[in-house]
Amino acid sequence: MCGIVGFYGPDDVAHDIVFGLTALQHRGQDAAGIATFDDNFHLCKGNGLISDVFRKKELKKLKGNIGIGHARYTTQGSNDAELAQPFTTSYPFGLAMVHNGNVINFRSAAKRLHEKYHVLPKTSNDLELIMYTFASELRLKNLDALSVVDIFDAVETTQELVKGAYATITVIAGHGLLAFNDPLGIRPLVLGRRETEKGPIYAFASESTCFDYLGFEFIKNVGPGQAVFIDKDFKVHYKNPYALPKAFCVFEHIYFAREDSTIHGRLVARERVRLGKMLARKVIESGIQPDMVIDVPSSGYFSASGLAEAIGVPYRRAMVKNNHMGRSFIVSSQAGREDIVKKKLNPIREFVEGKKIAVVDDSIVRGTTSRRIVRILREAGAAEVYFISSAPPIIAPCIYGIDMAMSTELIAANYTEEEICKYIEADKVIYQSIEDLQELFAEDKGHGGSCFACFTGKYPTGDVTKYLRHIQEERQSHRHDKKSDAHTPATSVSAKAPEPTEH
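Keep in mind that this is a model prediction, so the values were computed, not measured.

**Brief notes about the packing of aromatic side chains**
So, point 1. Inspection of every chain in the model, using the stated rule, returns 13 aromatic pairs.
So, point 2. Seen from their ring centres, Tyr-166 and Phe-180 are 6.4 Å apart, and the 85 degrees between their planes marks the pair as edge-to-face. Of the two residues, Tyr-166 is situated in strand β7 (residues 164-172) and Phe-180 in strand β8 (residues 176-181); the sequence distance between them amounts to 14 residues.
So, point 3. Residue classification places Tyr-166 among the buried positions, given a relative accessible area of 0%.
So, point 4. What makes Phe-180 buried here is its relative accessible area of 0%.
So, point 5. Residues Tyr-255 and Phe-256 carry aromatic rings whose centres are separated by 5.3 Å and whose planes lie at 85 degrees to one another, so their mutual orientation is edge-to-face. A single burial state applies to Tyr-255 and to Phe-256, both of which are buried.
So, point 6. Each residue in the set Tyr-73, Phe-251, Tyr-255, Phe-256 and Phe-455 is aromatic and connected to the rest through ring pairs, giving one cluster.

Here it is as structure tokens:
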């Protein structure tokens, strides 16, 4: 998962790009990059947070009234700075591109690219594959009289050839700003506009919260399979979306998106409150009687408040988060995750001591973070700890851009609820119902369809067995080179799979 932005207006856009990326910092903390264009491309990228990569000296060099930016969260490959986006190519015209998502047919698409167009990608980054596929199709057109139809034709062929989840933004030098999604619309992308005395500034972003900070008016979501092109006269052109079932990632609403973002007409905060209220039935049926409901900051807040309201139990913010620590879920190693969890959460002992605590988190992925939270609460004097997940059990790897690609890493894929409860050292574990989640995000409620693959194992792109095998081979090879720091749990569980080692 990454954060992407693109701006096009009458004046330099570098500062808007930086502020837009800052609003999306939660989507990626590994690296960041910006490309702008005037007569040439100006590129600045590197490892670290937005504030680390872009200093005043660098910003002065980023000239141009059109540009794109990227905040990287590594799901595949290494954290090498050369893999930071944007990527550029000089032909045709000059292209700069960013993307959010994950391509699942990289090997076959790269083979075709090499055999048909004699293009050899330099890296294993999905973006390079998308960019060169689009560039190869575009160069077949009449470049002396390139039309919007030509651009959209190249997009459509790219969408047919490249499988998986991707939202992209591209600068086409001298022509305009292009954005398009994969045919299923798995990843979010929105279009906005701000009026100025010199004319409009258009923007694309992963989430609408960018527009709130920058004073942009929300125009629309870029739909599944849709392409939007803003030409050099600032006229907006649309390519109709695919007539396929839509499959927007429901995990965006559960965890990844910011709570103040609106996605497909749904305010993320409101949906999380609804998730909490839906949990009330299972909490009541379980027979537990918590003294209070608390959240794991900060993605568990709205679900916890919804649950507390529904069962008539006080809600308290009983854990304080150090906001200067990163999101543990998107840190790339277990050691990093464990260290962040220990340092970023501090319980308020006076609230917790002697109480039966229902603690709500967005999900339970690998189990070790959940166990650490339970231990923190017990150390603060909690009498009992009930761990409640806003999400159903995650039983299948996400292959569309969230870093949980091996089934052996997913605790719910290998252990029963009772075994998970014992492993994380809780008094009770309660999960969201998959049926309730599907009902909440049903297509007939205006959402347009969702991807529930990590909860059901049913992938909207079809049979992905071969891809999953490739990912497992890659990860096992990587872990062979870099010794895992996993440890054996103190509790006894049945040996169905290797013990979960992260989160």
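**Regarding the UniProt feature "active site" (unreviewed entry) in the protein**
So, point 1. The UniProt record annotates "active site" (unreviewed entry) at Cys-2.
So, point 2. Structurally, Cys-2 can be placed in the segment before β1 (3-8).
So, point 3. Among residues more than four places away in sequence, those in contact with Cys-2 are Arg-27, His-70, Ala-71, Arg-72, Tyr-73, His-99, Asn-100 and Ser-206.

**Description of the packing of helix α4 (residues 106-117) against helix α5 (residues 126-138)**
So, point 1. Remark: α4 packs on α5, axes separated minimally by 10 Å, with the N-to-C direction vectors making an angle of 35 degrees. α4 and α5 meet at a crossing whose hand is left-handed. For the pair α4 and α5, the contacting residues are Phe-106, Ala-109, Ala-110, Arg-112, Leu-113 and Tyr-117 in the first and Asp-126, Leu-129, Tyr-132, Thr-133, Ser-136 and Glu-137 in the second.

**Focus on the sheet that holds strand β21 (residues 384-389)**
So, point 1. Pairing is parallel across the open sheet formed by four strands, whose spatial order is β17-β20-β21-β22. The open sheet has two edge strands, β17 (292-295) and β22 (428-431), and neither has a second partner. Averaged over all pairs of adjacent strands, the angle between strand axes in this sheet comes to 25 degrees, irrespective of strand direction.
So, point 2. Bridge count for strand β20 (residues 356-361) against β21 is six bridges, and the pairing is parallel. Paired with Asp-361 across the bridge in β21 is Ser-389.
So, point 3. Sheet contacts for helix α15 (residues 417-424): β21 and β22; angle to β22, the most-contacted strand, approximately 125 degrees.

**Some remarks on the UniProt feature "binding site: Mg(2+)" (unreviewed entry) in the protein**
So, point 1. Per the UniProt record, "binding site: Mg(2+)" (unreviewed entry) is annotated on Ser-299, Asp-361 and Asp-362. A compact arrangement is adopted by the annotated residues: their sequence extent is 64 residues, whereas the largest C-alpha distance between any two is 7.1 Å.
So, point 2. Checked against the element boundaries, Ser-299 lands in the loop between β17 and α10 (301-311).
So, point 3. Those residues in contact with Ser-299, other than ones at most four positions away along the chain, are Ile-254, Tyr-255, Arg-272, Asp-361 and Asp-362.
So, point 4. Within the local environment of Ser-299, its side chain forms a polar contact with the side chain of Asp-362, the two groups lying 2.6 Å apart.
So, point 5. If you trace the backbone, Asp-362 turns up in the loop between β20 and α13 (368-379).

**Some points on the pairing of β20**
Successive side chains on a regular strand alternate, one facing one side of the sheet and the next facing the other.
So, point 1. Counting buried residues in β20 gives five out of six residues, a clear majority hidden from the surface.
So, point 2. Bridge count for β17 against β20 is four bridges, and the pairing is parallel. Across the sheet, Met-292 pairs through a bridge with Ile-357, a residue of β20.
So, point 3. The parallel pair β20 and β21 is bridged by α13, and the resulting crossover is right-handed.

**Some thoughts on the pairing of strand β2 (residues 31-37)**
So, point 1. Within β2, seven of the seven residues are buried, leaving the element largely enclosed by the surrounding structure.
So, point 2. Residues Ala-31, Gly-33, Ala-35 and Phe-37 of β2 are buried on one face, and the alternating residues Ala-32, Ile-34 and Thr-36, pointing to the opposite face, are buried as well.
So, point 3. In this structure, β2 lies alongside strand β3 (residues 41-47), joined through seven bridges in antiparallel fashion. Bridge pairing links Ala-35 to Leu-43 in β3.
So, point 4. Where β2 meets strand β4 (residues 66-72), seven bridges bridge the pair, whose relative direction is antiparallel. When the sheet's bridge partners are listed, Ala-31 is paired in β4 with Arg-72.

**Here we look at empty space enclosed by the protein**
So, point 1. Applying the stated criterion across every chain yields a total of four cavities of 30 Å³ or more.
So, point 2. Within this model, the largest cavity holds a volume of roughly 90 Å³.
So, point 3. Residue lining of the largest cavity: Ile-186, Arg-187, Cys-249, Val-250, Phe-251, Cys-398, Tyr-400, Ile-402, Cys-451, Ala-453 and Cys-454, and that is the complete set.
So, point 4. Its residues placed into classes, the lining of the largest cavity shows ten nonpolar, no polar and one charged.

**Description of the environment of Pro-86**
So, point 1. The residue Pro-86 is located in the loop between β4 and β5 (87-89) in this model.
So, point 2. A C-alpha to C-alpha distance of 9.2 Å links Pro-86 and Thr-170, two positions 84 residues apart in sequence.
So, point 3. Residues in contact with Pro-86, not counting those within four places in the same chain, are Gly-33, Ile-34, Ala-35, Leu-43, Lys-45, Ile-68, Met-97, Val-98 and Leu-127.

Parameters and conventions
Residues numbered from 1 in each chain as written. Predicted model: local features only at pLDDT ≥ 70, side-chain atom pairs only at ≥ 80, totals over all residues. Heavy atoms only, no water. Phe/Tyr/Trp six-rings, centres within 6.5 Å; stacked < 30°, edge-to-face > 60°. Helix = DSSP H or I, 4+ residues; strand = E, 2+ residues; numbered from the N terminus. Buried < 20%, exposed > 50% of the residue type's maximum accessible area, 1.4 Å probe, protein only. UniProt positions renumbered as here; feature names shortened; annotations may be inferred. Contact = heavy atoms within 4.5 Å. Axes fitted to C-alpha atoms, helices over the stretch in contact; angles between N-to-C directions. Left-handed = near helix turned anticlockwise from the far one by under 90°. Pairing = 2+ DSSP bridges. Polar contact = N/O pair within 3.5 Å; in protein donor to acceptor, adjacent residues only side chain to side chain. Right-handed = clockwise from strand over helix to strand, strands pointing away. 1 Å grid on protein atoms, 1.4 Å probe; cavity = no way out; pocket = protein on both sides within 12 Å on 5 of 7 lines; lining within 4 Å. Points joined across faces, edges and corners; volume = space filled by probe spheres on them. Nonpolar A, V, L, I, M, F, W, Y, C, P; charged D, E, K, R; others polar.

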